[in-house]
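Descriptive analysis of the structure
Residues per chain are reported as follows:
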Amino acid sequence: QVQLVESGGGLVQPGGSLRLPCTRSGSIFSINAMGWYRQAPGKEREFDASITGGGSTNYADSVKGRFTISGDNAKNTMYLQMNSLKPEDTGVYYCNLDCCWRERPSGYWGQGTQVTVSS
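Here's what I pulled together on the structure shown here. (Residues numbered from 1 in each chain as written. Predicted model: local features only at pLDDT ≥ 70, side-chain atom pairs only at ≥ 80, totals over all residues. Heavy atoms only, no water.)

Moving on, we come to the state of the cysteines. Tallied over the entire structure, the rule returns 2 disulfides. Disulfide partner of Cys99: Cys100, at an S-S distance of 1.9 Å. The sign of the S-S torsion, about -45 degrees, decides the handedness of the disulfide formed by Cys99 and Cys100: left-handed. Here Cys100 falls in the buried class, since its relative accessible area comes to 8%. Cysteines bonded in the chain are numbered consecutively along the chain; their disulfide partners then correspond to 1-2, 3-4. (Disulfide = S-S within 2.5 Å. Buried < 20%, exposed > 50% of the residue type's maximum accessible area, 1.4 Å probe, protein only.)

With that out of the way, let us pick up the sheet that holds strand E1 (residues 3-6). Pairing is antiparallel across the open sheet formed by 4 strands, whose spatial order is E1-E3-E8-E7. Of all strands in the sheet, those with a lone pairing partner are E1 and strand E7 (67-72), marking the two edges. Pairwise comparison of adjacent strand axes, ignoring direction, gives a mean angle of 15 degrees for this sheet. Relative to strand E8 (residues 77-82), E7 runs antiparallel, the two sharing 6 bridges. (Pairing = 2+ DSSP bridges. Helix = DSSP H or I, 4+ residues; strand = E, 2+ residues; numbered from the N terminus. Axes fitted to C-alpha atoms, helices over the stretch in contact; angles between N-to-C directions.)

Relative to the helices and strands, Arg24 resides in strand E3 (residues 18-25). Put simply, Arg24 is tucked away with no salt bridge, and the nearest opposite charge, on Asp72, sits 7.8 Å away. In this view, Arg24 contacts Gln3, Leu4, Met34, Asn73, Asn76, Thr77 and Met78; residues no more than four positions away in its chain are not counted. (Lys, Arg positive; Asp, Glu negative; His and termini not counted. Salt bridge = Lys/Arg side-chain N within 4 Å of Asp/Glu carboxyl O. Contact = heavy atoms within 4.5 Å.)

The next subject is the pattern of salt bridges. Enumeration over the complete set of coordinates arrives at 4 salt bridges. Across the salt bridge formed by Asp48 and Arg38, the nearest N and O atoms sit 2.9 Å from each other. Residue Asp48 is located in strand E5 (residues 46-52), and its partner Arg38 is located in strand E4 (residues 33-39); the two are separated by 10 residues in the primary sequence. Both residues of the pair, Asp48 and Arg38, belong to the buried class. One salt bridge in this structure joins Arg38 and Asp89, with 3.2 Å as the shortest N-O distance. Here Asp89 lies in the loop between E8 and strand E9 (91-97) and Arg38 lies in strand E4, a separation of 51 residues in the sequence. Bridged by salt links that share partners, the residues Arg38, Asp48, Arg66 and Asp89 form one connected network.

A separate point is the nonpolar core. Counting residues in each nonpolar core, the largest one holds 27 residues, and the members touching the most others are Trp36, Ile69, Met78, Leu80, Met82 and Tyr93. Counting only elements with at least two residues in this core, the list comes to E3, E4, E5, E7, E8, E9 and strand E11 (113-117). Excluding anything up to four places from it in sequence, Tyr93 contacts Glu6, Leu20, Trp36, Tyr37, Arg38, Asp48, Phe67, Leu80, Met82, Gly112, Thr113 and Val115. (Core = buried A, V, L, I, M, F, W, Y, C linked by side-chain atoms within 4.5 Å.)

A separate point is unusual backbone geometry. Of note, the amide linkage connecting Cys99 to Cys100 takes the cis form, showing an omega dihedral of 5 degrees. The residue Cys100 is located in the loop between E9 and strand E10 (108-109) in this model. Backbone geometry places Arg102, a non-glycine residue, at a positive phi of 55 degrees. In this structure, Arg102 sits in the loop between E9 and E10. Owing to a relative accessible area of 61%, Arg102 belongs among the exposed residues under this scheme. For Glu103, which is not a glycine, the phi torsion comes out positive at approximately 65 degrees. Position of Glu103 among the secondary structure elements: in the loop between E9 and E10. A relative accessible area of 37% places Glu103 in the partly exposed class.

Here it is in structure tokens:
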């Protein structure tokens, strides 16, 4: 059985930074790719970033140059480094396993962590 837990969210001012870890427990084998998605109030969940087993990354246009996705296999942890945050980045951020071909998610989600960007 696999469990995903996101953390690191909170309240931050515009222009600030946050780093979100997603830790996984249990045995995981043959993962194709993993990624991060956000869901703003009243909106659909949307793609932010993904990373393949080979280390290739992909980003939504809205976060290119500001967000960085990475993974640490030894710690069973994936990270989303978010810089230059904007109010429109506010939402619940979810990690996702076994995605993200054409930015489409799998059904393997964490519980989400709230990010609020406000002055």
